[in-house]
Amino acid sequence: MTKKVLKYSVINLCRFMLAITFILSGFVKAVDPLGTQYKIGDYLEALHIASYIPDILTLISSILLSSLEFCLGVFMLFAIRRHIVSKIIFVFISIMTVITLWIAIANPVSDCGCFGDAIKLTNWETFIKNIILMAAAVTVWKYPLCMVRFISKSNQWIVINYTIIFIVFISGYSLYDLPQFDFRPYHIGANIKKGMEIPPGAKQPKFENTFIMEKNGVRKEFKLDNYPDSTWKFIDSKTVQISEGYIPPIHDFSIQKVGSGEDITNNILGDKGYTFLLISPHLETADDSQLDQINQISEYCTDNGYKFYCLTASTGKAINRWQSITGAEYSFCNTDETTLKTIIRSNPGLLLIKAGTIIRKWSHNTLPDEKQFSKPLEHSEIGTMPKDSVTGKILKIILWYVLPLMVLTLADRTWAWSRWVKNKEKSNKIYQLLKRKKMRKKIVAGNWKMNMNLQDGIALAKELNDTFTAEKPNCGVIICTPFIHLASIAQFLNQDIIGLGAENCADKVKGAYTGEVSAEMVKSTGAQYVVLGHSERRSYYNETPAILKEKVQLALDNNLKVIFCIGESKEEREANRQNEVVKAELDGSVFDLSAEDFAKIVIAYEPIWAIGTGLTATSDQAEEIHAYIRNCIADKYGKQVAEDTTILYGGSCKASNAPELFAKPDIDGGLIGGASLKAADFKGIIDAWKK
Ligand code: PEP
C-alpha cells in the first residue's frame, strides 16, 4: 500500500466514524425531542441555572442540537462543504470533550445523554469516546480535501435541504405524536413487572463497614478483617457502598393513591384486565386542549369495567385545580416525576396496560376518538398491540430518506462519470490536435509545373505575397516554381510566410550536364525547397529510384528541404498494389537516409491517376494510405519520427475537397498543381486549415 493510499484510507475511516456517530447521535435525539429537552434540563439543573431558562428555549435547543448533529453527520458522510463541516465538527467535539470531562469528574448527571436512551455509557466511557472522536476530528480537519465526495458540488444543495427538512420533520412529528423509536423500558410490548425483576444470580451491591474504636484515649478505624480485641471500645461505625449491584431497567415505578397514600402498584400491574393510565408529570403545565376526549375515555372505562387512573407528580392543589376545570371523575395517584417523564413523552399522555404489559401509548394530540371506542376493548383493534413494528418504521425511513438519497447519489455519480469520460475524450482530442500542431507542420505547397512566363509568375507570386502578408495563413505555404522564376521571386517573397522551392534539381553535383540545374544552384537563388520524385518526372524523364536517391542526397547536402512525391498508377491501384508501390518508392530513394536527414523530408502522396485528371482519392482512401505510409516510416525510423513527418496529399485537390481531406488525422496538407496557378484558388485550399 502506498503512503498516499494509507493516508486517504485513514482519513476516510475517521470521516465515516464521525459521520456514523453524528448521524446516530442526532437521530436518536431527534426522535425524542422531549427526552433531549429533559436531559438539557438536567445539565442546567447541575449548573443551578435551570430556573432562569424557559422550557420553550430548552425545547428549541433540543431540536436544534439534534438537527445540527444529524446534518453534520450526513454532510460528513457525503463529504459536503468539507472545509467548513470538518471545522464545525472539530469545534463541536472540542466543546463536548470539555463537558464530558466535567461530567466524568464531577458526576453532575448519571448519563451524558449522547445517544438519548438508545445507548447508555458511563461518564468515563463517554469521555474516552470523545477523545477518540477528537482524534478523528483533528485528522479530517487537517486534511478535509482527502475526503472523497459522494455527490458533485453542484448537487450538494439537494442533500443539504432534503436532510434539514427530513430531520426537522422527524423532530416535529415525534414531538406532536410520540418518539418514533422508543428505547425506554416502557416501550409498547414491555411488561413493567418483568422490567422490575432482579434475575437470580444478578450482581449484588457491595458495602464496606468501618468501625471507629477507642483505647487509652486513642481512636482508630478498623474493618471486619482486622476487628480488634475487647480491650478496644466501640464508638461508631460507617457503611459505604463500594460497588453497584444489578439495577433492573425499571427500578423506580410505584403508584400511591392520592389521599390515602396506599401503594396500588401491584394491584394495577397484576390486574388481568385493561387499565388506562393518564400520565401527567405536572398537571400545572399539562396541555388541556383534549379534556373532553379524556373524559369520554374515562366514561367509556366506567361503562365497560376498565380501570382509569391519572398518575402525576403534582400535589393536591394542582389536582384539585385540574378536577375543577376538567370535571375529572377518575382517581389520581402519585408517581415519581422522572418516572412519569420516562414512561411517556407527552403531558398528558395515555397508556393502556393489560396484566402489566404496555399495549398502547398515545400523546394528547393523537388520543383515540369515539369511533374507536364503539366496542369493548376485547373486540376492538386498540385493545391489541399496534401492527406498525420497528422494522416497518425503519423501512419507512429507508423509503423516504435513504432511498431517495441513494438514487440521487447513483444518478449524480453516473452523470459525473459520463462528464469525466466526455472531458477525457475532449482533452484527448485537444491533445491530439496540439500534438499534431506541435509535432508536424501543416503545409500547402503549389507546384506550378511548366506554367507561367517570368512576368506572370512574378505577378502571381506578388499577389500571393500580398494576400498572405495581409491575412496570415493557418499553415505553411510553399510555391515551387520553374527555375527561371526563383531568383526574381526570392527578391521580394516574404519567406517567413511563403517558402520558395524548385520543381527539380540535377542528380549531379556540377559539370558538363547541359541543360541541368544543380541543387547548389537552386539554393543560390534563395529557394529552400525542391520537389523530387514527381510522377511526371518519373514517367516522362525516366527518373528511377536510384537517380532520385542521388537527387535527394544532393538537395539535402545543399540545405534544401525535399518534398518527395510517391504514388501508384491507375493499374496499380486497380490491382490493389498501392501500398507495395509507395513502400518501394520510399525504400528506393529516402529510407536510406539517417533519421536526422529524413526529418528534412516532406512526403507527398500523389496517386498518379488523380493528378490533373479531376479524379480525387476519397478522403478515406487517402487517409488509409497516408496512415500506411506513416506506419512504414514508424517501422523504419520509430514512432516519433513518423509522428513528426508531414505527409501531403496531391491529385486534383481543390478548395471544395480540401477541408474533408485535411480533416483526416494523417493528411497534413496538400501538394497542389492546377489549382495553385490562381491566387484565389490556391488561397481557397489554404483556407481549408481555418475550418
Ligand atoms: C501535381 O502535379 O503535383 C498535382 C497534384 O496536380 P493537380 O493538383 O493538378 O492534380
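Residues numbered from 1 in each chain as written. Predicted model: local features only at pLDDT ≥ 70, side-chain atom pairs only at ≥ 80, totals over all residues. Heavy atoms only, no water.

> So what exactly am I meant to see when it comes to the domain arrangement of the protein chain here?
Reports often express the size of an interface as the amount of accessible area lost when the parts come together. Along its sequence, the protein chain is carved into domain 1 (3-176), domain 2 (192-385), domain 3 (392-434) and domain 4 (443-690). Put simply, the middle of domain 3 and the middle of domain 4, counted by C-alpha atoms, are 52 Å apart. (Domains from an automatic or database assignment.)

> Please explain a nonpolar patch on the surface as it appears in this structure.
On the surface, a nonpolar cluster with roughly 950 Å² of combined accessible area is contributed by V390, I394, L395, I398, L399, W400, V402, L403, M406 and V407. Assignment of secondary structure puts V402 in helix 12 (residues 390-439). (Patch = residues over 30% accessible without salt bridge, like charges linked within 9 Å, V, L, I, M, F, W, Y side chains within 5 Å. Areas by Shrake-Rupley, 256 points an atom, 1.4 Å probe, with all protein chains shown as cover. Salt bridge = Lys/Arg side-chain N within 4 Å of Asp/Glu carboxyl O. Helix = DSSP H or I, 4+ residues; strand = E, 2+ residues; numbered from the N terminus.)

> How should I be thinking about unusual backbone geometry in this particular structure?
Omega for the peptide link from N347 to P348 comes to 0°, which places this bond in the cis form. Here P348 lies in the loop between helix 11 (337-343) and strand 8 (349-354). Phi angles above zero are rare outside glycine, and A79 is one such case at about 55°. Assignment of secondary structure puts A79 in the loop between helix 3 (55-78) and helix 4 (82-106). Its relative accessible area of 1% is what places A79 among the buried residues. (Buried < 20%, exposed > 50% of the residue type's maximum accessible area, 1.4 Å probe, protein only.)

> It is not clear to me how the sheet that holds strand 8 should be interpreted in this structure. Could you clarify?
Across a sheet, paired strands are connected by hydrogen bonds in the backbone, their directions being either parallel or antiparallel. Spatially, the six strands line up as an open sheet ordered 4-7-6-5-8-9, and their pairing is mixed. Since the sheet does not close on itself, it has two edges, and those belong to strand 4 (256-257) and strand 9 (357-363), each with one partner. Relative to strand 8, strand 5 (residues 274-280) runs antiparallel, the two sharing six bridges. Within strand 8, the position partnered with L278 by the bridge is L350. Contacting strand 5, strand 6 (307-312) and strand 8, helix 9 (residues 291-304) crosses the sheet at an angle of about 140° to strand 6. (Pairing = 2+ DSSP bridges. Contact = heavy atoms within 4.5 Å. Axes fitted to C-alpha atoms, helices over the stretch in contact; angles between N-to-C directions.)

> I tried to follow the pattern of salt bridges on my own but got confused; where do I start?
Pairs can form between side chains of opposite charge once their charged atoms are near each other. Throughout the structure, instances matching the rule amount to 30 salt bridges. The residue D182 makes a salt bridge to R184 at a minimum N-O spacing of 2.9 Å. R184 gets classed as buried once you look at its relative accessible area, which sits at 3%. Overlapping salt bridges, with partners in common, bring together R440, R630, E643, D666 and D668 in one network.

> Even after reading the chapter, I still don't get the packing of helix 19 (residues 578-589) against helix 21 (residues 619-637), so can you show me in this structure?
When two helices pack together, their arrangement is captured by the angle between the axes and the distance separating the axes. At a minimum axis distance of 10 Å, the contact between helix 19 and helix 21 shows a crossing angle of 40°. Relative to helix 21, helix 19 is oriented oblique. When you trace helix 19 past helix 21, the crossing you get is right-handed. The segment helix 19 lies against helix 21, with Q578, N579, V582, K583 and L586 engaging I625, Y628, I629 and C632. Its residues assigned to classes, the contact of helix 19 with helix 21 shows six nonpolar, two polar and one charged. (Parallel < 35°, antiparallel > 145°, perpendicular 65-115°, else oblique. Left-handed = near helix turned anticlockwise from the far one by under 90°. Nonpolar A, V, L, I, M, F, W, Y, C, P; charged D, E, K, R; others polar.)

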